[in-house]
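Residues per chain, in single letters:
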Amino acid sequence: MSGIYIHIPFCTKACHYCDFHFSTKLSNKSTLTNAICEEIKLRKKEFSGAFNSIYFGGGTPSLLTLRELEKIMNQIFIYVDSSQIQEVTIEVNPEDITVELLRGYQKLGINRLSIGVQSLDDKILSWMNRNHSSKKAITAINKAQELGIENISVDFIYGVPNFPKRNISNELHQLLNNSPFHISCYHFTIEEKTYFGWLKKQEKLAELTDLKSEEEFKLITQTLEQKGYDHYEISNFSLNGKASKHNTNYWKRQQYVGLGPSAHSYNYPIRKWNISNNAAYIKQLQQGKLNQEQEKLSSIDHFNELIMLGLRTKEGVNIEEALPLIESNQQDKIKLKIQEFIDDKFLAKEGPIISLRKEKWLLSEYVSRELFILN
Amino acid sequence: MKNIRNFCIIAHIDHGKSTLADRLLQTTGTISDREMKEQALDDMDLERERGITIKSHAIQMDYTFNGEDYKLNLIDTPGHVDFSYEVSRSIAACEGALLIVDASQGIEAQTISNLYLAIENDLEIIPVLNKMDLPGAMPEEVTDQIIDLIGCSVDDVIPASGKTGLGVDNILEAIIEKIPAPKGQDNAPLEAMIFDSVFNPFRGIIAYFRVFNGVIKKGQQVKFFNTGKTYDADEIGVLKMDLDPKKELASGDVGYIISGIKKANEVKVGDTITTMTNPCESAIRGFEDVKPMVFAGIYPVDTEDYEELRASMEKLQLNDASLVFEPESSAALGFGFRCGFLGMLHMEIIQERLEREFNMTVITTVPNVSYRIYMKKDLEEIIVNNPSELPEPSKIDWIEEPYIKAQVITKSEFVGAVMNLCIEKRGELTNQVYLTQDRVELSFLMPLSEIVFDFYDRLKSVSRGYASFDYSPTDYKKSDLIKLDILLNAEQVDALSALVHRSNAFTLGKKICLKLKELIPRQQFEIPVQAAIGAKIVARETIKALRKDVTAKCYGGDITRKRKLLEKQKAGKKRMRQVGRVEVPQEAFLAVLKLD
C-alpha cells in the first residue's frame, strides 16, 4: 500500500533537539497551504497507486487551521479515492489541543493523533524547550479519548542525559493509565545543527553512556510488553494491532508521496525530495513548477535499504527476495556473514526471513553495515 | 672545463632551498616563466606536497657572465637524514656548495652535518642568508652563526630571498667567481661517479653521474666498477629540464647515461663508471652499499591482494634501490613482506607511494632495527630483523643493538628538556657546544631503536619546534632487551611485538595498551588488550563491548541519508584488518610510534 505525507514546516518555537525542517514565521502559513495544493495538482499523476494512509507531520501540523487542513485534504481527494484511506494521522502538540480542534479533525476524517508528549517530567520538558507541561499532555490525551479518538500515538523520549534521577518507570506508568494504542519511544539524539548540537560542540553536553541507554531501553521494552504492547520496530510499540500503517509502508519500501518543503517521495527506483526552504518552495509553486532533487536507486542500494529497514522491524528481511539483487559472489559473502550473525545469536532465521533478535535491536546499524554491499 | 661549475645546495628542510633553486632556474632562462611551477626540480607529487626533496636531481644551467658562457651544474640533494648517503655522494660530485640558511631560523643540525661533509670534501662554501623578506629575519645574528661555523667574512654572506628574487644575481656571480672549475684529465681512463638514478617506465634506469677523469662517448662499452656489470652507453647527455643527448661528455661534466638497465639495484649510488677498453685502476673512493636501518612488515589489508602487493613493491624497487624486502608470514596478518628502509621517513614514503601510485592499502607493522643475537651454544651470532623471530630467551647469551651518534641543535632554554628526553631514551651525552649565546649543539650516543619510537614528535614538543636533529650510525652495543608482546582478545598479535629495553618494558606496555584501546573501535564483544613479557601479563586495558549503534528514527525522509551514512561508515572500515575476531584499523599497528 502507499502513503501520502504532508510536511507542515511551522513551529512556534524550536525544541532544542529537533533538526527537522521548520520555520517560526507563521505568516506564511496560508500561502504555503496554497502552495501544497498547487503541488498536489502538479503531481496528480503520482496518485494513481493504492493509497491507504495520509500523514500530516512536521514541524507542527496542529498549527494549521481546520480550514487549511480541509483545503489540502480536499485537494488530495480529487485524485485519491477517500474510501480507500484507512488511516489519517496528524501530529499534534499538547498545548494546541482543544475540544473544538479535535471535533474538527474528526469531521475531516482524521482518525489518528500523534501527540508529542516526550516526557512527563516538567524539568526535562523545559530543558528541551518544549512548550507544554506534563499535565497538559495528559489532559490532551484524556480529551481526545473522551471524544472517542482511540487511535492515539504518543511520542516519548528516553536516553536523556543530564537527568540521572529521571524516573522513567513512573512516567511510563502515568502514560499507560490512558492505554494509548501506540507509543513511539525515541532515544535522545544530539543532532549537529541544533542547540544541543552546539552544546555538544562546546563539550557542555554529551550522550548517555550506551550502558545506560541499554538499561533504559530494556526497562521500556519490558514495561510495555508486560502491558501487552507489540514491539514491532526499534522505536515503536502498538496495542490492539494498531501499528502505524503509514510508517509500516516506509519500512516495507512501499510507494510514498511527500508534499511540502523538504518532504521525500519514493516510487522504486526513484527517491526524490523537495527543497528545504519555505520561501523557495512557495516561489517555485507560485510559478507553477517544482524542482526536486532525486536519486535513482541501484539494485545494490535497494538491497542495502531492504537490509537497513528490515533489520529495524520485527518482520525482518526476506533474504530470498533480497539476495537476487546482488551478484552471486557477493551473495556468498553475505550468506556467510548472515550465518556468523545467526551463530552469534544476533540474527534469527525462520524460513527465508532473517530478523534481528530483540535483545540486539540497539545494534541494528552495526549489523546493517556488516551486511551492506558497497557500490 | 674551465667554464664548468658543479655545485650543490646544503639547507635544512623549510629553509627555502627549492624555491631559491627555482629562482636560479628562471634567472638563467633554464625554465621559462610559463613552465614554472613551484619546486620545479621535485618530480614526485609527494615531494611537492611535503616540501621536501626525496630523490637527488641535477640540472644544467647556461649563464653568460662578463662575456663568457658558463655551464652551471646544480645537484639538488635530498633533505632528510634518511638519505644522508645520497647526500654525501652528491657532495662528492661537486666543487662548491651553496649553504642556505633561513634568516629567521638560523642554522640547524642537519645543515651542520652536511656542511661538515662538504668541508671534508674541500668544497667551496658560498653562504646565503635566505628569506630576507620575512619580518622575523635576524640577519646579524644568523650571519654571526655562519661566520662562526665556516670562518668566512661578513661580506661573503649573500642576503637573498627566493620569494622576491633578491640576491640571485649575486649568487650566480659568486658561483662563477668563487667555486673552482673542475680538475681532471680528458686523456686519462674514464672515471665517472654515479650519484643517483631514476626509473623511467619507457627507458629503464637513467643513472646520473659526474665525470672526474677521461671522456665517455655514446655507444661505448662501459663497466660499473662495483657491480662488475657491463653495458652499452646507448644514450648519454646532460640534464636540462628534459634530457639533452650528447655525443660525448668530458672531465668535469655532469650527465646521464641510459644503457637498457631494468633494475634499480644494478645501479648503485657511489659506483664508478669506466670503459671496457681502457678501464681505470681503482674505483672512486667512498662507495658504500647502503644498508637498511629500520625494518617493518608490510601486509595487504585484504589478504587476497598479496600477489598484487608483491608486484607493486617490485615496481617501486625499480626506482628506489634502497628499498629491500623479502616474503615473510605473520600468524596475525598472513603473508606479507619484511622490508628494510633507510629510516622512518623512508618507511612512510614507501607506504604512501604504495597507496598513491599503486592504490595498495597496506598495514605496516611496528618497525624495528636489526639486532645481533649471540646464542649460548657456540656463541653463534644471529641477525634478527623481526622481533617475532627472536630465539627462546633462555638460549640467548646476549643481544646487541645498533647505536647512533645524534646531534641536536636547540635554543638554550630547551637544553634541559632535550637532555631529559635523550636520557629517557637511553642516550648518553657526549658533547655540549654553545654555537651562539642561545643556540646549543648537544651530542648523544643513543640506541637507534629509540629514534624509531616516538622520538621526533617528542623532541618537537619538548622544544616547541625549536630543535633540529641529525644522526649517523656508529656501532653495535650490548643491551638488556626483552620482547614485549601484545595480545588482542587473548591472542598474541605478532605484528605488534617489539624488542624493548627491560627498564621501560612496563611503562611501554601500559602506554601501548592504552593507545590501542583508543584506536580500536568497539565491537559487539568485549576485547581485552594485554601486554606480556613471556607468559607474564604486564598491562591490561579493556575495550568495552558496543551496546548501542542505532538511530532512533528512520522514516520516509531519513532513508536516503541514513543509507548513505552507513555506506560511508562501511567504506571507512575497509582500512581495517581482521586479526582473529578483532577488527584493527591500519593506524593501530603503528600506534607504538605515537605514544604520549
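Residues numbered from 1 in each chain as written. Chains lettered and ligands numbered in written order. Predicted model: local features only at pLDDT ≥ 70, side-chain atom pairs only at ≥ 80, totals over all residues. Heavy atoms only, no water.

## Side note on the environment of Ile 54 of chain A
All names here are of chain A.
Alright, step 1. The residue Ile 54 is located in strand E2 (residues 51-58) in this model.
Alright, step 2. Here Ile 54 falls in the buried class, since its relative accessible area comes to 0%.
Alright, step 3. Non-local contacts of Ile 54, meaning those with residues more than four positions away in its chain, are made with Ile 4, Ile 6, Ile 76, Phe 77, Ile 85, Glu 87, Val 88, Thr 89 and His 246. (Helix = DSSP H or I, 4+ residues; strand = E, 2+ residues; numbered from the N terminus. Buried < 20%, exposed > 50% of the residue type's maximum accessible area, 1.4 Å probe, protein only. Contact = heavy atoms within 4.5 Å.)

## A word on the confidence of the model for chain B
Alright, step 1. Considering every residue of chain B, the mean pLDDT works out to 88; 95% of them sit at 70 or more.
Alright, step 2. Our summary of model confidence lists the complex with pTM equal to 0.74 and ipTM equal to 0.95. (pLDDT = per-residue confidence, 0-100.)

## Here's the deal with the interface of chain A and chain B
Alright, step 1. The interface of chain A with chain B comprises 44 residues on the first partner and 32 residues on the second.
Alright, step 2. For the pair chain A and chain B, the two sides together bury roughly 3600 Å², of which 56% comes from carbon and sulfur.
Alright, step 3. Our count for the contact surface shared by chain A and chain B stands at nine salt bridges.
Alright, step 4. Linking Arg 563 of chain B and Glu 295 of chain A is a salt bridge whose minimum nitrogen-to-oxygen distance equals 3.0 Å.
Alright, step 5. The interface formed by chain A and chain B holds 25 residue pairs in polar contact (both at pLDDT 80 or more) in total.
Alright, step 6. Mapped onto the side of chain A that touches chain B, the elements with two or more residues apiece are strand E6 (182-187), helix H8 (210-226), helix H9 (245-251), strand E11 (270-273), helix H11 (299-310) and helix H14 (364-371) of chain A.
Alright, step 7. Examining the composition of the side of chain A that touches chain B, we find that seven residues originate from one element, H14 of chain A, more than from any other. (Buried area = accessible area lost by both parts, 1.4 Å probe. Salt bridge = Lys/Arg side-chain N within 4 Å of Asp/Glu carboxyl O. Polar contact = N/O pair within 3.5 Å; in protein donor to acceptor, adjacent residues only side chain to side chain.)

## Some points on the environment of Leu 134 of chain B
All names here are of chain B.
Alright, step 1. As for its placement among the helices and strands, Leu 134 is situated in the loop between strand E5 (124-130) and helix H5 (139-150).
Alright, step 2. Look at Leu 134 and you get partly exposed, because its relative accessible area is 32%.
Alright, step 3. Non-local contacts of Leu 134, meaning those with residues more than four positions away in its chain, are made with Asp 102 and Ser 104.

## Brief notes about helix H10 (residues 278-286) of chain A
All names here are of chain A.
Alright, step 1. Those residues of H10 that sit buried are Asn 278, Tyr 281, Ile 282, Gln 284 and Leu 285. Along the axis of H10, the buried positions cluster into a sector of 160°, meaning they face one direction only. Those residues of H10 that are exposed and angled more than 90 degrees off the buried face are Lys 283 and Gln 286.
Alright, step 2. In this structure, the buried side of H10 is in contact with helix H1 (29-42).
Alright, step 3. Two or three places before Ala 279, at the start of H10, stands the capping residue Asn 277, its side-chain oxygen 3.0 Å from that residue's backbone nitrogen. (Arc of directions from axis to C-beta.)

## Considerations on the sheet that holds strand E13 (residues 317-318) of chain A
All names here are of chain A.
Alright, step 1. Pairing is antiparallel in the open sheet, where three strands are placed in the order E13-E15-E14. Looking at strand neighbours, the two that pair on one side only are E13 and strand E14 (347-350), the edges of this open sheet.
Alright, step 2. Note: E14 against strand E15 (residues 353-356), four bridges, orientation antiparallel. Counterpart to Leu 347 in the pairing with E15 is Leu 356. (Pairing = 2+ DSSP bridges.)

## Looking at the pattern of salt bridges
Alright, step 1. In this structure the tally under the stated criterion is 51 salt bridges over all chains.
Alright, step 2. Arg 43 of chain A is the partner of Glu 46 of chain A in a salt bridge, and the nearest nitrogen-oxygen pair spans 2.8 Å.
Alright, step 3. Residue classification places Glu 46 of chain A among the partly exposed residues on the basis of a relative accessible area of 21%.
Alright, step 4. With relative accessibility at 5%, the residue Arg 43 of chain A sits in the buried group.
Alright, step 5. Each member of the salt-bridge network shares a partner with another, and the members are Arg 253, Arg 271, Glu 295, Asp 301 and Glu 305 of chain A together with Arg 563, Lys 564 and Glu 567 of chain B.

## Looking at unusual backbone geometry
Alright, step 1. Between Gly 58 of chain A and Gly 59 of chain A the backbone carries a cis peptide bond, its omega angle lying at 25°.
Alright, step 2. The residue Asn 489 of chain B is not glycine, and still its phi comes out positive at about 55°.
Alright, step 3. Secondary-structure assignment places Asn 489 of chain B in the loop between strand E27 (481-488) and strand E28 (491-492).

## Let's talk about the sheet that holds strand E1 (residues 4-11) of chain B
Residue and element names in this part refer to chain B.
Alright, step 1. Strand order in the open sheet formed by six strands is E2-E3-E1-E4-E5-E6, with mixed pairing between adjacent strands. Looking at the sheet topology across the chains shown, the edges are occupied by strand E2 (57-65) and strand E6 (158-159).
Alright, step 2. Relative to strand E3 (residues 68-76), E2 runs antiparallel, the two sharing nine bridges. Residue pairing for E3: Gln 60 is matched across the bridge by Asn 73.
Alright, step 3. Taken strand by strand, helix H1 (residues 17-27) contacts E1, E2, E3, strand E4 (96-102) and E5, and its axis lies near 155° from that of E1. (Axes fitted to C-alpha atoms, helices over the stretch in contact; angles between N-to-C directions.)

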